[in-house]
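Structural overview for review
Residue-level listing of the chains:
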2 protein chains.
Amino acid sequence: MAYYIGVDIGGTNIACGIVNDSCEIIARSKIKTNSSGNSLAYKDVLKVIKSAVIAACKEAGIDVSEARSIGVGSPGVCNSESGVVENCSNLGFDNSPVKADLEEEFKIPVYLDNDANAAAFGEFMSGAAKGAKNAVVITLGTGVGAGIIIDKKIYRGSNFAGGEIGHTVIAVDGAPCGCGRRGCFEAYSSATGLVRMTLMAGEENPQSLINAIIKEDGRCSARTAYKAMKAGDAVGKTVTDDYVKYLACGITNVINTFQPEILCIGGGVCNEGEILLNPLKEAVAKQVYSKNSAKNTEIVICSLGNDAGIIGAAMLHKA
Amino acid sequence: MAYYIGVDIGGTNIACGIVNDSCEIIARSKIKTNSSGNSLAYKDVLKVIKSAVIAACKEAGIDVSEARSIGVGSPGVCNSESGVVENCSNLGFDNSPVKADLEEEFKIPVYLDNDANAAAFGEFMSGAAKGAKNAVVITLGTGVGAGIIIDKKIYRGSNFAGGEIGHTVIAVDGAPCGCGRRGCFEAYSSATGLVRMTLMAGEENPQSLINAIIKEDGRCSARTAYKAMKAGDAVGKTVTDDYVKYLACGITNVINTFQPEILCIGGGVCNEGEILLNPLKEAVAKQVYSKNSAKNTEIVICSLGNDAGIIGAAMLHKA
């Protein structure tokens, strides 16, 4: 049995898993990076990665040298050829030679890629997109992340910054987005976008159940509007209908562009399951350009959850 | 010297060229399909294709059997594996076995692809996208056509219907599009979209030079607003500024998704040259997600004009 080490770098945790040939995680570790809220220094992150790798190997009962490779999924623009994180401003480590530093330490091959790419590759290797020649994986979280699989490989673009589908505008002059544009897919279809629309609807409709739920829960979340809708609240229904409308708009754009065999959606919002998925599929089917084609993209919910990032990272030697 | 036959099927003409190894067209033919305005029967189109092939070969002084292959670019959904035009409703020939029928007739290999894909491949083989590993070619004509080159091959999608970038929504609930959606890139950035915006501005501003130009030219074209702008008309300037705004929005979406080395724009509107290209580049540079990357997509104007379709079709054996 061969083992592969997968590392998923997040803003608060670094998660590591030992993955076998069957894409199963046989051991794990998870270490907090820092919780000071300050931006991270690369040398501190590197130390935490090393500790997480050693801890996961110990848990698996192997030496690091027994693993075939280490794969690292990092936020930001990751040059998968040089193994350098070129640009990761929100974690504060630009031009960080992750591959070179970890290879020096552990003397086994190291692969680096963007975290959304790694997660998409995980879903392709052993999750909801398994076996698809072409697939797109879209994560509806704080932002809208995306990973594109073309011809069974990660598509990165010529400068490794491709796949930023969350930052394609669907509503020109629309809601401001963190990237500086207005009306991005992310501004409407992220969990953050859903919370924004929920809060706005609550303010405009004081009688709505939305406000009672916010009060009870102590905060507005991506679940609030769905809770209200399920309890029969008309405003909640309007918000979730609007959410599906924008999501269907962005997803139809992706399908008209890529016509992948499978398009997976993941992230916390997808815990709603069929209540989200069914109207989404219906809305997409009505407007997709290929509606008269015999074969159309299958829209499914991701199946690996947070493990996708670890498994995909571990399998980066195949990507 | 090897010769390759390229056929470009249009709504009114079928153009054929004999192309050499250097991607030069050494002989041509062009035959009207029908001008009755009725939809075309496949068997009639097939006859015209055969005549055009024979005529171009005669012009080149070769026998059809001396050519290595025939490549055909057709509107609609073209299955490049089976060589069948699966869906081409606006020309009225669905499920047409172009490859099988031409191979039976001419006894040389036949390749089929969508016309926008063929034109993009032509620009990649010998035009403005020559040598790029990843490129996107966008044609601003009656519609907005697109062809995607990934890893030096045409990207078609799993059902051969991919690359419909013209039918990605940039303005949710916006202007109606022929595809049934609202706010498509095509509805704003096609020549047709520019004419629509020009006419609207002319109606809203009776004093604008736009109206005088329409009167003088006998019609409103994609050139009208640019003519007015160049003559100092403020309304003309607003229309062309808006046109660039929407075009930059759609093109930035494409770059954020694909990060190609080169993005080519073609079609009649591009005859404006730098008056269009410079403000477009400026607007894209301001909003592209990779604005801090060392390497960014080069935006250029297509260099082959209508020949791109013939050259790309002739070279489909490499696509």
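Now for a quick tour of the structure. (Residues numbered from 1 in each chain as written. Chains lettered and ligands numbered in written order. Predicted model: local features only at pLDDT ≥ 70, side-chain atom pairs only at ≥ 80, totals over all residues. Heavy atoms only, no water.)

With respect to the helices and strands, the residue Thr240(A) is situated in helix 8 (residues 234-258). With relative accessibility at 2%, the residue Thr240(A) sits in the buried group. (Helix = DSSP H or I, 4+ residues; strand = E, 2+ residues; numbered from the N terminus. Buried < 20%, exposed > 50% of the residue type's maximum accessible area, 1.4 Å probe, protein only.)

Residues and elements named next belong to chain A. Pairing is mixed across the open sheet formed by five strands, whose spatial order is 3-2-1-4-7. For this open sheet the edge positions go to strand 3 (25-32) and strand 7 (110-114), each flanked by a neighbour on one side alone. This sheet shows a mean twist of 15° between the axes of neighbouring strands, independent of strand direction. As paired strands, strand 1 (residues 3-9) and strand 2 (residues 13-20) are joined by seven bridges and run antiparallel to one another. Bridge assignment links isoleucine 5 to a residue of strand 2, and that residue is isoleucine 18. Where helix 2 (residues 98-106) meets the sheet, its contacts fall on strand 4 (69-74) and strand 7, and the angle it forms with strand 7 comes to roughly 150°. Taken strand by strand, helix 3 (residues 115-126) contacts strand 1, strand 4 and strand 7, and its axis lies near 105° from that of strand 7. (Pairing = 2+ DSSP bridges. Axes fitted to C-alpha atoms, helices over the stretch in contact; angles between N-to-C directions. Contact = heavy atoms within 4.5 Å.)

With that out of the way, let us pick up unusual backbone geometry. Comment: phi is negative for the bulk of residues other than glycine, and the bulk of peptide bonds are trans. With a phi close to 70°, Lys152(A) is a non-glycine residue in the positive phi region. With respect to the helices, strands and loops of the structure, Lys152(A) is situated in the loop between strand 9 (144-150) and strand 10 (153-154). Look at Asn95(B): it is not a glycine, yet its phi comes out positive at around 50°. Secondary-structure assignment places Asn95(B) in the loop between strand 6 (84-87) and helix 2 (98-106).

This part is about the interface of chain A and chain B. Counting residues at the interface gives 42 residues for chain A and 42 residues for chain B. The largest per-residue losses of area from chain A upon contact with chain B belong to Ser158(A), Arg181(A) and Tyr289(A), which jointly make up 17% of the total buried on that side. Where chain A meets chain B, there are two salt bridges. In this assembly, chain A and chain B are joined by 38 residue pairs in polar contact (both at pLDDT 80 or more). Of all the secondary structure elements, the ones that give two or more residues to the side of chain A that touches chain B are strand 9 and helix 8 of chain A. Examining the composition of the side of chain A that touches chain B, we find that nine residues originate from one element, helix 8 of chain A, more than from any other. (Buried area = accessible area lost by both parts, 1.4 Å probe. Salt bridge = Lys/Arg side-chain N within 4 Å of Asp/Glu carboxyl O. Polar contact = N/O pair within 3.5 Å; in protein donor to acceptor, adjacent residues only side chain to side chain.)

So, on to the packing of aromatic side chains. The full count for this structure, using the stated rule, is seven aromatic pairs over all chains. Seen in terms of ring centroids, Phe258(A) and Tyr155(B) are 6.0 Å apart; in terms of plane orientation they differ by 70°. Their pairing is edge-to-face. Highlighted residues: Phe258(A) in helix 8 and Tyr155(B) in the loop between strand 10 (153-154) and helix 4 (185-189), drawn from two different chains. Tyr155(B) gets classed as buried once you look at its relative accessible area, which sits at 6%. Relative to Phe258(B), the ring of Phe258(A) has its centre 5.0 Å away and its plane inclined at 35°; by these criteria the two rings are tilted. Of this pair, Phe258(A) sits in helix 8 while Phe258(B) sits in helix 8 (residues 234-258), which puts the two residues in different chains. With a relative accessible area of 2%, Phe258(A) lands in the buried category. (Phe/Tyr/Trp six-rings, centres within 6.5 Å; stacked < 30°, edge-to-face > 60°.)

Our focus in this paragraph is helix 6 (residues 209-217) of chain B. Residues and elements named next belong to chain B. Turning to helix 6, its buried residues number three or more, namely Ile210, Ile213 and Ile214. Angularly, the buried residues of helix 6 cover 100° about the axis, an arc narrow enough to put them on a single face. Those residues of helix 6 that are exposed and angled more than 90 degrees off the buried face are Lys215 and Glu216. Along its buried surface, helix 6 packs onto helix 5 (191-204), helix 7 (224-230) and helix 8. Put simply, serine 208 is the residue that caps the front of helix 6, since its side-chain oxygen is 3.0 Å from the backbone nitrogen of isoleucine 210. One or two steps after helix 6, the chain reaches glycine 218, where phi turns positive at roughly 80°. (Arc of directions from axis to C-beta.)

Residues and elements named next belong to chain A. Most of helix 10 (residues 307-314) sits inside the fold, with seven of its eight residues counted as buried. The set of residues buried in helix 10 consists of Ala308, Gly309, Ile310, Ile311, Gly312, Ala313 and Ala314. As for helix 10, its buried residues are in contact with strand 1, strand 2, strand 3, strand 4 and helix 3.

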